Each structure stands twice: as structure tokens, then as C-alpha cells.
Amino acid sequence: MFSKILIANRGEIAVRIIKTCRRMGIKTVVVYSEADADSMAVEMADEAVFIGPPPAAQSYLLQDKIVEAVRQTGAEAVHPGFGFLSENASFARRLAAESIVFIGPNPKAIEAMGDKIESKKFAAKAGVSTVPGHVGEIDDTAHAIKISEEIGYPVMIKASAGGGGKGIRVAWNRKDVEEGFPAVRAEAKASFGDDRIFIEKFIESPRHVEIQVLGDKHGNVVHLFERECSIQRRNQKVIEEAPSPLLDEKTRKAMGEQAVALAQAVGYDSAGTVEFVAGQDRSFFFLEMNTRLQVEHPVTEMITGVDLVEQMIRVADGEKLAFGQKDLKIDGWAIESRIYAEDPYRGFLPSIGRLVRYEPPVEGEAGAAKVRNDAGVREGDEISMFYDPMISKLSTWAKTREAAIDAMGRALEDFHIEGLGQNIPFLAAVMDQPRFRSGKLSTNYIKDEFPDGFHGLPPTEAQRDIMGAAALYMHRTLLARSAPDQLRNEWIEIIGHEKRAVRVSAEGDALVVEGEGRSHRLTDVTWRPGRALFRAKLDGVPFTVSVKPAAEGFIVRHRAAQANVLVLTPRSAELHEKLPPKKAADTSKMVLSPMPGLVVSIDVATGQEVKTGEVVAVLEAMKMQNIIRAERDGVVKAVGAKPGDSVAADEVLVEFA
């Protein structure tokens, strides 16, 4: 077995690999850029080697730097994680030439399956049903338009070397291709160092189901069942689960056998994933093969008990698989939620900055469920604009799908982040939705369920009870410190726009809240002034809410519902109704930067007439190019930025007269 492994990656996957290596008694080396000098991975590894500036093209994608780090530290093998060089056949060959073991598949398998254009050709030759499309290279935008119109709209424009939702656009018409093709090509070049593009038919209302395969260097290949990754936004997976609620045993067997046959045909000898697009009728078509470890591998590990990173290491060292297909069984159900640094209330735009507070839920047993959090950050760390905006991957396991979803909802309640936008409220909203709980999924799910974007959900009656009880407890606690003579039993609560008259009394450690024909007992409170999380039980049911003081009262959030909660005397409540509402500032004549980022281009000039929908600027953030359009007709009065500028969220890019 290897004594030292170099991890050619960063963030949570580097930390994930280090944990398995520690358990196996293997020392680790990580490489790092300037942006990651103080990272958790650097802290945890036995050794760390600096490799360059923050942009991946100047650090993590430079093979020479990785090889030099291996020589410098005496590592025997390299684990590439996912992204960066993980599916680069030339890198695998380079390592072999240097007598360094690549912990991944052989270069021929990477070339046959890892390149999306070549994999389509190979699958067609092997008789595997594939999605209709153009599998050759595309010269330019004009060529892309011609191909798209031959296939028929809608089409998907994809980077051949893409992954992680980068380098991909859906085009519904000619104009979308004109704008999308150059953007995808630019993203592909920046993220993967490869600007080859292919186009295929976009299948509407599909499901994304993938099979985890594992092969060794002795011809053995098994599959570890499926994952469903249909909950996606902008072609980026958001929530994954294993197994899939779509499949029956017959379809699972057929899909698994096809994935294994494809892997055997290319001599696959590591962990990899065969992806399928599936219809609601359980029909399925080969989409692509990812010749690497997948981001969502934890859910497979949780239902099979197999450590995929360990298996990759053992296979790379020449060991035979210690189990066959008949030894693998599905145990329970697992859900994974990707915690992203993005603002769901602003169209899920990237949000970069420092994790002022980072309090994940406790890992391990949670009643009959289990909680796992794969992260590469700590409180105080910064989420950089140079890399993927994922903060962590939160996974839960239970015996049934419903129980795993319930466990995820509770774990999301206990996850607290401050300092930047994050998508926890949105993930919690999905967990509570009847459609998700029913398993009726598709890759259009988010677009279908949140057609106007995510704006939170109104609190349910049960959530209003939770919010009200928490606010009463906090108000009484603060009042007991500052003005104990003003403590009373009769209060008026205003939760959002709803007013309630309540009576409060203490019974031992419990707070009893009565009113509106209801009575509730608040117990087991874990909170003190200044804390952002309020944990307790209401009528014996545990809950967690995030709380913070407002100009008046408290802002209380439970899952996807948030409200301003006031606790007032009856007379104060009367006067409060007479206060005039505050007017928001008028920004209708301004185009604001929706996120922090780098200005790629400003496409308008002072005095220019602009129509609604026209492109006014392009911003780059988190390796993605974002097209900013005018939301109204007008004449440009002033331009507030130029290409190359770094801009903050809400900074004025263009102002109309």
C-alpha cells in the first residue's frame, strides 16, 4: 500500500480524501494556491506545497506544478479528486511516465469515456442508446446555429471537457445559440483549458439517474446501484439521493448491467459514473460517463457502506475488489443537499465573502437517522470568486425515504451560516414540498415549482406557533434583564402581518403560551442573548430557528419561512398600527450588479438607446459568465464600470436617464 499520496485538488474533496487516508495510515500532501493558503485542507494534510496564483489555469491545472510537488515530497501516487485534472488523460499519462500512480482510471478509459464527444461515438458503436445530437467538434457560432437548427430546438450546448454544471447552456432559439455558444466556449477554456463544444437535443421533463461503477485492474467491475440527481438548477445538481424513487427492481437491474457492460468494454479500473437521462416511464438513454469520483458519492457510500475513496486507492495499488455484485445490497435511503454560497432570494446569484459564522449540524447518529457533512471550510474562511461556490455537502440517512427527508429538514434547521448568501432556506423548502416528498421529480423541478424565483415560503400555522413561542421567550429573557418590572402575562404578538393576543405563564422550566383557542408548551430551550440559533421543543417536538434582532422585535426564520415578530403590550400594538410604512429606494433607472464579480464587458455607452432584454454587461463570478440585461427601455445616462473592474453586489453598472 502507498505510504504517501498527493491530492491534486482543494476544498471539501481534499479534506474528504485526507480523512480516508488517515484511517488507512497513509500520509497526505496537498497542493494549494494563494487563495487556499490558510485552508482547512492545508491545515489537515501532513505536507502542503504552494503552486501559484488563485486562477485554476495558473495553479491547479498546471501539470508541471503537480509533478514537481510529487517529486519534492516523495509521494507515490496522486488522487485528483473531481474537477481540475481528474478526467485529463494526458495528466494520467504524464504521471505514468514519471513512475507516479494515478488514482483513477487508465488513460485509454478516460479518453474513451471521459471526453463527452468521444464517449457519444463509443456508446453508439457499442449499441448503447444515446440522446440525438452532433458528436463532432463545432467550428464557430455559425456552425453551431446550423447544427442546432438541424437537430431542432431546444438544444443543449455543452463543453466536451465540462463538469460540475460549468460550460453548459440550453438554447431555445437562434438568439440563444448566438449568445450561448461563445459564453460556453469561454467558460470551457477558463475552467477546463479545453474549448471544444458539442450540441445535443434537450429532452424536456427528463430525470437524471446515474449508476456508480467500480472496477479493478483484474477485469472485475461492479455497480453500487443508482443515484437520482434530478433536482438541478442551471444544470448544476442541487439535491441528490440514493436509491432513485423512480426505479423498480427490473429497471435498476437493466440500468446497472448496461453501466457495467460499458465499463467493461473500455477496461474501466476505478470509480466512475455512467449517467442516464430517464423518462417518467422508466425508459433511459446513455448520457455520458464521468471517469472520476462524483461530488454526490456520499449518498452511495451511506446506502452501501462502501468507502469509494478507499476502493479507488486499493484498486490503484493493484488490489482486486474484495466483493462481487452479489455482495452489494441497498440499505436504507440517503439524501444529499449541496450548500452553496449563493443568494436564493436574488436568483441564486453567487455570493462570495467570509464565513462570519459557520455552525453545521452535529455529525453522527440523530435518533434513528445519521447526519454527515462533507466540508472544506471553517468559521472565518473565505469563499473565493475563483472556485466553485459550494460550501459543503450535507447528507442524511434513514431506513426510509420519508425518514431521510425528515432528517434532512432537521439538519438544515441546525445549519447556520452568516457573512454571505447561502441556499439553506431553499433546500429546506424543497424538503417540505409535497411534490418532492412524493418522488415525482424531473430536471425541470425548480423551474416548475419556483417559476418566479425563490422568495421564501409563507409560514404555516405550525411555524407561526414556533416563531411566536421563540419570540416570547427571547422578549421575556431580555426584559427580565433590562426592565423586570415590565414583565407581564398578557401580550400581543405580530407575526408578519398576523396579530395574536396571547397569555404567557411559566410552569417550572416550561413556558406555556395560550391564546386563539390554542395552548403550547415550550421546553428544553437552548438559547442566550446574542446567539443566532434558538433550539427548543414545542409540545415535545424539537425545532431550531435562526434569530436576530430587528429595528423592532426579532427576525425569525424556520426553514424556508421568515417573519418579523414583534411582542408588544396591547397599547403599543394599537400605536404600531398607525405607523406609516417605509418606502423603498427607487432603483428602477439603474442596472445594478447582482453579485460580486469581475466585469468582462460593458456592452452599452453613454447616450445609447437600449431596449428591454438587451445585453448591457457581462460579469464573471465563480468561473461562470453572467449576462446582465436591461429590464426596461431607456437611454444610457452614465456607465459606472469598465472591463476588468471588480464590482460589489448592488454596485451601479449602468444608469438610465
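Residues numbered from 1 in each chain as written. Predicted model: local features only at pLDDT ≥ 70, side-chain atom pairs only at ≥ 80, totals over all residues. Heavy atoms only, no water.

Caption draft 1: Inspection of the overall build of the chain at higher detail. When helices and strands are tallied, the chain shows 17 helices and 40 strands. Projected onto the principal axes, the alpha-carbon positions of the chain cover approximately 80 × 65 × 55 Å. For the chain, the residues scored as buried account for 56% of the 657 residues in total. The contacts of the chain with a sequence gap of at least 6 include a subset with a gap of at least 24, amounting to 64%. Carbon and sulfur atoms make up 51% of the accessible area of the chain, which amounts to about 26,900 Å² in all. Counting 83 positive and 95 negative side-chain charges, the chain places the averaged centre of each group 1 Å from the other. (Helix = DSSP H or I, 4+ residues; strand = E, 2+ residues; numbered from the N terminus. Buried < 20%, exposed > 50% of the residue type's maximum accessible area, 1.4 Å probe, protein only. Contact = heavy atoms within 4.5 Å. Areas by Shrake-Rupley, 256 points an atom, 1.4 Å probe, with all protein chains shown as cover. Lys, Arg positive; Asp, Glu negative; His and termini not counted. Charge placed at Lys NZ, Arg CZ, Asp CG, Glu CD.)

Caption draft 2: Spotlight on the packing of helix α5 (residues 107-114) against helix α6 (residues 116-125). At a closest axis distance of 6 Å, the pairing of α5 and α6 adopts a crossing angle of 85 degrees. As the angle between them shows, α5 and α6 are arranged roughly perpendicular. Counting all contacts with α5, which are made through Glu111, Ala112, Met113 and Gly114, the residues of α6 involved are Lys116, Glu118, Ser119 and Phe122. Of the residues assigned to the contact of α5 with α6, the class counts are three nonpolar, two polar and three charged. (Axes fitted to C-alpha atoms, helices over the stretch in contact; angles between N-to-C directions. Parallel < 35°, antiparallel > 145°, perpendicular 65-115°, else oblique. Nonpolar A, V, L, I, M, F, W, Y, C, P; charged D, E, K, R; others polar.)

Caption draft 3: Geometry of the pattern of salt bridges. Tallying each qualifying case throughout the model produces 69 salt bridges. For Glu210, the salt bridge goes to Lys237, with nearest N and O atoms at 2.9 Å. In this pair, Glu210 is assigned in strand β10 (residues 207-215) and Lys237 in strand β12 (residues 236-242), connecting sequence segments 27 residues apart. Across this residue pair, the class does not change: Glu210 and Lys237 are buried. Lys642 is the salt-bridge partner of Asp645, the closest N and O atoms lying 3.2 Å from each other. Three or more residues are tied together by salt bridges with common partners; here these are Arg16, Arg23, Glu301, Asp307, Glu310, Arg314, Glu319, Arg372 and Asp374. (Salt bridge = Lys/Arg side-chain N within 4 Å of Asp/Glu carboxyl O.)

Caption draft 4: Representation of the pairing of strand β30 (residues 541-549) within the structure. Both strand β29 (residues 533-538) and β30 contribute to a ladder of six bridges, which runs antiparallel. Its bridge partner being in β30, Lys537 is matched across the sheet by Pro542. As consecutive antiparallel partners, β29 and β30 are separated by two residues, and within that stretch Asp539 has a phi angle of approximately 55 degrees, a positive value. With four bridges joining them, β30 and strand β31 (residues 554-558) adopt antiparallel strand pairing. By the bridge assignment, Lys548 is partnered in β31 with Ile555. Joining the antiparallel neighbours β30 and β31 is a turn of four residues, in which Gly553 adopts a positive phi near 70 degrees. (Pairing = 2+ DSSP bridges.)

Caption draft 5: Main features of the pairing of strand β23 (residues 390-398). In terms of burial, β23 is a largely internal element, nine of the nine residues being buried. Relative to β23, strand β15 (residues 333-340) runs antiparallel, the two sharing eight bridges. Note that in β23 the partner of Ala334 across the bridge is Trp397. In this sheet, β23 lies alongside strand β21 (residues 369-375) in antiparallel orientation, the contact comprising six bridges. Each bridged residue has a counterpart across the sheet, and for Lys370 the counterpart in β23 is Trp397.

Caption draft 6: Molecular detail of the nonpolar core. In terms of nonpolar packing, the biggest core is built from 65 residues, with Ile5, Leu6, Val31, Ile66, Val78 and Ile313 touching the most fellow members. It is helix α1 (residues 11-24) that contributes the most residues to this core, seven residues altogether. What Ile313 contacts, discounting residues up to four positions off in sequence, is Met1, Phe2, Ile5, Cys21, Met24, Ile26 and Ile103. Ranked by size, the runner-up nonpolar core spans 41 residues in total, among them Trp333, Tyr358, Ile391 and Ala560. (Core = buried A, V, L, I, M, F, W, Y, C linked by side-chain atoms within 4.5 Å.)

Caption draft 7: The packing of helix α3 (residues 63-73) against helix α4 (residues 89-97), seen in detail. Taken N-terminus to C-terminus, the directions of α3 and α4 make an angle of 30 degrees; their axes are 11 Å apart at the nearest point. Looking at the two axes, α3 sits roughly parallel to α4. As α3 runs across α4, the sense of the crossing is right-handed. Residues Gln63, Asp64, Ile66 and Val67 of α3 lie in contact with α4, whose contacting residues are Ser90, Phe91, Arg94 and Leu95. Its residues assigned to classes, the contact of α3 with α4 comprises four nonpolar, two polar and two charged. (Left-handed = near helix turned anticlockwise from the far one by under 90°.)

Caption draft 8: Structural view of the environment of Ala278. Position of Ala278 among the secondary structure elements: in strand β13 (residues 271-278). Overall, Ala278 belongs to the buried group, its relative accessible area being 3%. Setting aside anything within four residues of it in sequence, one finds Ala278 in contact with Pro206, Arg207, Val209, Leu246, Ser283 and Phe284.

Caption draft 9: A look at a negative patch on the surface. There is a patch of like negative charges on the surface, built from Glu137, Asp139, Asp140 and Asp195. For Asp140, the position within the fold is in the loop between β6 (133-134) and α7 (141-151). Residue class for Asp140 comes out partly exposed when judged on its relative accessible area of 38%. (Patch = residues over 30% accessible without salt bridge, like charges linked within 9 Å, V, L, I, M, F, W, Y side chains within 5 Å.)

Caption draft 10: Inspection of the side chain of Glu336 at higher detail. Along the chain, the position of Glu336 falls in strand β15. Despite its burial, Glu336 pairs with no opposite charge, the nearest such side chain being Arg338 at 4.2 Å. If near-sequence neighbours (up to four positions away) are discounted, Glu336 is found in contact with Val238, Ile239, Glu240, Val295, Glu296, Pro298, Val299, Lys393, Leu394, Ser395 and Met408.

Caption draft 11: Main features of the packing of aromatic side chains. On inspection of all chains with the given rule, the structure shows 17 aromatic pairs. Taking 6.2 Å as the distance between ring centres and 15 degrees as the angle between the ring planes, the aromatic pair formed by Phe534 and Phe543 counts as stacked. Judged by its relative accessible area of 2%, Phe543 is buried. Taking NZ or CZ as reference, Arg401 lies 4.9 Å from the ring centre of Phe436, over its face. Above the ring of Trp491, the side-chain terminus of Arg488 is found at 5.8 Å from the ring centroid. (Phe/Tyr/Trp six-rings, centres within 6.5 Å; stacked < 30°, edge-to-face > 60°. Lys NZ or Arg CZ within 6 Å of the ring centre and 35° of its normal.)

Caption draft 12: The arrangement of unusual backbone geometry in detail. In this structure, Pro154 follows Tyr153 across a cis peptide bond, with omega equal to 0 degrees. As for its placement among the helices and strands, Pro154 is situated in the loop between α7 and β7 (155-163). For the bond from Ala242 to Pro243, the omega torsion is -5 degrees, close enough to zero to count as cis. Within the secondary structure layout, Pro243 lies in the loop between β12 and α9 (249-265). Of note in the backbone geometry, Arg282 takes a positive phi value of approximately 75 degrees without being a glycine. If you trace the backbone, Arg282 turns up in the loop between β13 and β14 (284-290).

Caption draft 13: Up close: the sheet that holds β15. The antiparallel open sheet is built from nine strands, whose spatial order is β14-β13-β10-β11-β12-β15-β23-β21-β20. Each edge of the sheet is formed by a strand with only one pairing partner; in this case those strands are β14 and β20 (364-366). Across this sheet, the average inter-strand angle for adjacent strands is 30 degrees, counted without regard to direction. With four bridges connecting them, strand β11 (residues 221-233) and β12 associate as antiparallel partners.

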